[in-house]
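Letter by letter, the chains look like this.
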Amino acid sequence: QVQLVESGGGLVQAGGSLGLSCTASGGTFSIYSMGWFRQAPGKEREFVAAIRRNNGIKPYADSVKGRFIISRDNAKNTVYLQMNSLKPEDTAVYYCAADPTTMVVVSDLVSYWGQGTQVTVGS
């Protein structure tokens with residue numbers, strides 16, 4: 001019943017910044033842990049970042065620590081991913097994810113997925 005819609009993807013140059021957003025509908029957003037995953041061509045989907053429903057613990061993949069920031073605004077039913085100092089290896093389709101039970105860090109345990117948004121980082 002929960003629908004997730006990502007936006008904000010696009011083309012940026014290496015070293016630049018890009019902000020993604022994911023807006024949820026059809027559920028009570030505040031009870032869900034949220035996360036972001038990404039999948040590059042020829043690669044498996046990998047965890048990027050997650051955020052607890054109370055905006056507390058925010059785990060990040062080692063590859064993005066210090067560069068990406070996850071946040072949420074429950075009043076807007078939206079989770080964000082601010083990406084800074086982008087690298088060509090960040091190029092991927094980025095997926096928003098939600099789960100009512102667990103922290104969103106394991107792909108196989110995610111209950112709901114967005115359709116994905118393409119992020120391309122030029123060199």
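Quick notes on the rules
Residues numbered from 1 in each chain as written. Predicted model: local features only at pLDDT ≥ 70, side-chain atom pairs only at ≥ 80, totals over all residues. Heavy atoms only, no water. Helix = DSSP H or I, 4+ residues; strand = E, 2+ residues; numbered from the N terminus. Pairing = 2+ DSSP bridges. Axes fitted to C-alpha atoms, helices over the stretch in contact; angles between N-to-C directions. Patch = residues over 30% accessible without salt bridge, like charges linked within 9 Å, V, L, I, M, F, W, Y side chains within 5 Å. Areas by Shrake-Rupley, 256 points an atom, 1.4 Å probe, with all protein chains shown as cover. Salt bridge = Lys/Arg side-chain N within 4 Å of Asp/Glu carboxyl O. Core = buried A, V, L, I, M, F, W, Y, C linked by side-chain atoms within 4.5 Å. Buried < 20%, exposed > 50% of the residue type's maximum accessible area, 1.4 Å probe, protein only. Contact = heavy atoms within 4.5 Å. Disulfide = S-S within 2.5 Å.

(A) Quick look at the environment of Thr102. Mapped onto the fold, Thr102 is located in the loop between strand 8 (92–99) and strand 9 (112–113). Put simply, Thr102 and Lys58 are 44 residues apart on the chain and 13 Å apart in space, counted from C-alpha to C-alpha.

(B) View of the sheet that holds strand 7 (residues 78–83). Spatially, the 4 strands line up as an open sheet ordered 1-3-7-6, and their pairing is antiparallel. Two strands close off the open sheet at either side, each with one partner strand: strand 1 (3–7) and strand 6 (68–73). Within the sheet, the average angular offset between the axes of one strand and its neighbour, ignoring direction, is 15°. Sheet topology note: the strand 1/strand 3 (residues 18–25) ladder contains 5 bridges and is antiparallel. Across the sheet, residue Val5 finds its bridge partner in strand 3, namely Thr23.

(C) Looking closely at a nonpolar patch on the surface. A cluster of nonpolar residues, Val105, Val106 and Leu109, forms a patch on the protein surface that exposes about 220 Å² of accessible area. Mapping Val106 onto the fold places it in the loop between strand 8 and strand 9.

(D) Representation of the nonpolar core. Ranked by size, the top nonpolar core spans 35 residues in total, and within it Met34, Trp36, Val79, Leu81, Met83 and Tyr94 carry the most contacts. Ignoring any residue separated from it by four or fewer positions in sequence, one finds Val79 in contact with Leu20, Ser21, Cys22, Phe29, Met34, Trp36, Ile51, Ile70, Ser71, Arg72 and Cys96.

(E) Molecular detail of the state of the cysteines. In the structure shown here, the tally under the stated rule is 1 disulfide. Two residues, Cys22 and Cys96, share a disulfide whose sulfurs are 2.1 Å apart. Residues Cys22 and Cys96 are joined through a disulfide that is left-handed, its torsion about the S-S bond being -80°. You can see Cys22 sitting in strand 3 and its partner Cys96 sitting in strand 8, a full 74 residues away along the chain. Taken individually, Cys22 and Cys96 each receive the classification buried, so the pair is uniform in this respect.

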